[in-house]
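Here's the letter readout for the chains.
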Amino acid sequence: MRSATLCQTNIRSITFRNFTKAIQTASQSQSKPIWFSPHLHQNKSTNPFPAKNLKETADSYASLLRQCTYTKSIQEARAIHIQMKEAGFPYLSLGNKLIDCYLKCGCIEDARQVFDEMPQRHIVTWNSMISTYIRRQRSEEALRLYEKMLPEGIFADEFTFSSIFKAFYDLGLLREGQKAHGRLVVLGLEVENAFVGSALVDMYAKFGKLGEARAVLDRIVEKDVVLVTALIVGYTQNGEDYEALDVFRNMVNEGIKANEFTFASILIACGNLAELNKGKLIHGLNIKSGFESAVASQTSLLSMYSKCGLVDDSLKVFHRLVDPNLMSWTAVIVGLVQNGREESALLMLRQMIRNSINPNAFTLSTALRACSSLAMFEQGKQMHARIMKTGLDRDKFAGAALVDMYGRCGSVEMARSAFSSLVELDLVSINSMIHAYAQNGYGHEAVRLFDEMRNLGLEPDDLTFINILSACSNAGLLGEGRRIFSYMTSNPNKEPNKDHYACMVDLLGRAGRLKEAERLIIQVKKPDVVLWRTLLSACRIHCDVEMGKHVANKILELEPGDHRTHILLSNIYASTGNWNEVIKMKASMREMGLKKEPALSWVEVNREIHTFMAGDWLHPRATEIYEELKKLVEIVKGLGYVPDTRFVLQDLDEKEKERSLYYHSEKLAIAFGLLSSRSPAGWSSCIRIFKNLRVCGDCHTWIKLVSKISGREIIARDAKRFHHFRDGLCSCGDYW
């Protein structure tokens, strides 16, 4: 009696200020770790805790453990654990409280030690251990613990199943998950428990088994919002957005009130389907339900408006957010890039960083896409440095985006370096590298990588074939292109689509095989305007008027108001000097209200984009630019340059034609680029210019000579591909 009272007094006298001393004393007196528990009370007669004092002593320990749990004081919890052992106090119900304290303090190993030492364990304790393992991404250990339950006579309950189904998905164990589902049915828990049903629906949906997920939901009588939302999320994540809308409609009809996450998911479905009217209705319902300020639903809302093309409405939603998180910032940046507002997206990224929100790999990948679209090489390099600094350079999405950015900016070497540094190659990164090769005229390298990926066991997809056929077309690899296209047509799993046919028509057309290209088009069941227009472009290259008229008629039968066809046919007539037909075509275009897209070229200097049109005097340094251009023309004339007036598509005299060629937009951009980047030591880095249309043959010859006299590399991207001019030669080999 006296010993029990003394122990009780000692427990009550312990304060948190004395815990450190208690721990030190215990550590000195034991050679085992502090969580080691010897086999206590083998002889029940030696128990120092009489029954009448046991409850009061247990209450004292429980009170202290609650304080430790509340303050997350792990050292104090361990000190109490030591006191319990030294006093020989039996675990009984306190073992559960000790495990709970350890788990909530983040010490799962200590909790497991106590769990293993307990002679009897309640189902609540099993569930606590299993759910914590799963939350810590230790699903294998959770599953091993689950498998020990039945042999020890413990039957899993609804809380066990609600946790363990996630472990099955984490480990990719669909069959084992189905077995657990069977056990759940035997226990009679599925049909009446929406809590367990939600976990089960979530598991099936993540495995892509949406039929099974829907069947589970339909069998549960008392549905709740969590259960229905789990299925809606499953549908949206698997691209079945119409089904998600159907489930949401039924949910509303059944009187189940949506929560923040329901709205977030269903708005994603509306955005994917571009269902603006439904999205607006759900927006109104979201406001009425009181979730207008919820970040998750507002993020999905702004994403929905972006996908429907209403960028300004998306920005309004974003600016109403009090404290936007990483997902919100990323969603608005993605929306801006998707809608062609890349500069605004990059400004938004800078603002995000200033607000101390660190972008993740997906955010930076999207920003790199913006740099790619604008061909902003310097900003892309800065983004690369940030990716390296934040340790995201090994992320496959960021890596593929880097390859794509460098490829679209004309730096194949940097693209290849980024590609080589990837830890693991996948289809996305290989497609990006093949596309980089294709755009820059590295046809043989693209074909080698294509063959290598097949040897690695990676199956090419539709995009791979588009990229590789484009690479063959840009490099004039007719034989390789035919081989790859034949592989597609002979493989029942690789049926070519119209995009692949268009690539092959382009390849044949550029090679002058116009009749063969036409026969290929006829093989397509319903050839569209794009296929015929691709052939018409080839007719323009080879100045084949008769074939051009024939193909143009085919296009106009399908789409009478197609302005590109009128422009191409007019250009074909102009290139052959048939000005009467040109006048007729232009008159017809005026009647139809069609306008020719003006040729634009631009160059980035000191992180600023400078845009030029032919004969443009709007630039602040126009006088200097024209003086520079005049000098360059005189110098290259000394090397044998003669203006090629065949590329003037206007009825002018020869002198006027020559003068108009001198002031093409790409020549102005190059003159400004050279003028702006000249240093006292002479010429410096390469010049990168971009054009919205194809570079003309006269400019192509002129730029080759300028690269020779300046000693500079000039990289020009036109509407079709990149041209790398160096020492009087071009990477395209004059084939474009």
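Residues numbered from 1 in each chain as written. Predicted model: local features only at pLDDT ≥ 70, side-chain atom pairs only at ≥ 80, totals over all residues. Heavy atoms only, no water.

### Structural notes on the pattern of salt bridges
Scanning the entire structure with this criterion turns up 30 salt bridges. Note that E109 and R138 form a salt bridge whose closest N and O atoms lie 2.9 Å from each other. Of this pair, E109 sits in helix α6 (residues 108-117) while R138 sits in the loop between α7 (123-135) and α8 (139-149), and the two are 29 residues apart along the sequence. We note a salt bridge from D170 to K166, for which the minimum N-O separation is 3.0 Å. Here D170 and its partner K166 are both found in helix α9 (residues 158-170), four residues apart, which amounts to about one turn of the helix. Each of the salt bridges in this network shares a partner with another, and the network as a whole consists of R214, D218, D246 and R249. (Salt bridge = Lys/Arg side-chain N within 4 Å of Asp/Glu carboxyl O. Helix = DSSP H or I, 4+ residues; strand = E, 2+ residues; numbered from the N terminus.)

### Description of the sheet that holds strand β1 (residues 600-605)
Here we have six strands laid out as an open sheet, ordered β2-β1-β3-β4-β5-β6, and mixed in their pairing. Strand pairing shows two members of the sheet lacking a second neighbour, β2 (608-613) and β6 (729-730), which therefore form its edges. Pairing geometry for β1 and strand β3 (residues 687-691), over three bridges, is antiparallel. Bridged to V603 within β3 is I689. (Pairing = 2+ DSSP bridges.)

### Observations concerning the confidence of the model for the chain
For the chain, the average pLDDT comes to 85, and 89% of its residues sit at 70 or higher. The model gives residues 1-52 a pLDDT under 50, and that stretch makes 61 contacts with residues more than four places away or in other chains. The low-confidence segment residues 680-684 (pLDDT under 50) makes seven contacts with residues lying over four places distant or belonging to another chain. (pLDDT = per-residue confidence, 0-100. Contact = heavy atoms within 4.5 Å.)

### Examining the packing of helix α18 (residues 311-320) against helix α19 (residues 326-338)
Viewed as axis vectors pointing N to C, α18 and α19 meet at an angle of 165°, and their least axial separation amounts to 10 Å. In terms of orientation, α18 and α19 fall into the roughly antiparallel class. As for how α18 packs across α19, the hand of that crossing is left-handed. Residues V311, L315 and F318 of α18 lie in contact with α19, whose contacting residues are S328, W329, V332 and L336. The residue makeup of the contact of α18 with α19, split by class, is six nonpolar, one polar and no charged. (Axes fitted to C-alpha atoms, helices over the stretch in contact; angles between N-to-C directions. Parallel < 35°, antiparallel > 145°, perpendicular 65-115°, else oblique. Left-handed = near helix turned anticlockwise from the far one by under 90°. Nonpolar A, V, L, I, M, F, W, Y, C, P; charged D, E, K, R; others polar.)

### Remarks on the pairing of β2
Here six bridges tie β1 to β2, and the two strands are oriented antiparallel to one another. Note that in β2 the partner of L600 across the bridge is M613. The turn linking β1 back onto β2 is made up of two residues, and N606 within it adopts a positive phi angle of 50°.

### Quick word on a nonpolar patch on the surface
Side chains of L150, F155 and L187 sit close together on the surface and give an oily, nonpolar patch of about 300 Å² of accessible area. Within the secondary structure, L150 is located in the loop between α8 and α9. (Patch = residues over 30% accessible without salt bridge, like charges linked within 9 Å, V, L, I, M, F, W, Y side chains within 5 Å. Areas by Shrake-Rupley, 256 points an atom, 1.4 Å probe, with all protein chains shown as cover.)

### Observations regarding the packing of helix α37 (residues 665-677) against helix α38 (residues 697-710)
The interhelical angle for the contact between α37 and α38, taken along N-to-C directions, is 20°, at an axis separation of 10 Å. The pairing of α37 with α38 is recorded here as roughly parallel in orientation. The way α37 lies across α38 gives a crossing that is right-handed. Note on element contacts: α38 touches α37 through D698, C699, W702, I703 and V706, opposite E666, K667, I670 and L674. Per-class residue counts for the contact of α37 with α38 are six nonpolar, no polar and three charged.

### Overview of the side chain of S162
With respect to the helices, strands and loops of the structure, S162 is situated in helix α9. What makes S162 buried here is its relative accessible area of 18%. Ignoring any residue separated from it by four or fewer positions in sequence, one finds S162 in contact with F195 and A199. (Buried < 20%, exposed > 50% of the residue type's maximum accessible area, 1.4 Å probe, protein only.)

### Here we look at the packing of aromatic side chains
What the rule picks out here adds up to 19 aromatic pairs. Consider the rings of F115 and W126, whose centres lie 5.0 Å apart with planes at 90°: the pair is edge-to-face. Remark: W126 occurs in helix α7 and F115 occurs in helix α6; sequence separation between them is eleven residues. Ring pairs connect the aromatic residues Y146, F161, F165 and F168, which therefore count as one cluster. Here the guanidinium or amino end of R454 rests over the ring plane of Y487, the centre of that ring lying 4.1 Å away. The side chain of R688 reaches across the aromatic face of F377, ending 3.8 Å from its centre. (Phe/Tyr/Trp six-rings, centres within 6.5 Å; stacked < 30°, edge-to-face > 60°. Lys NZ or Arg CZ within 6 Å of the ring centre and 35° of its normal.)

### A look at the side chain of S163
Mapped onto the elements of the fold, S163 is located in helix α9. A relative accessible area of 14% means that S163 is categorised as buried. If we ignore the near neighbours within four places in the chain, the residues touching S163 are I130, S131 and I134.

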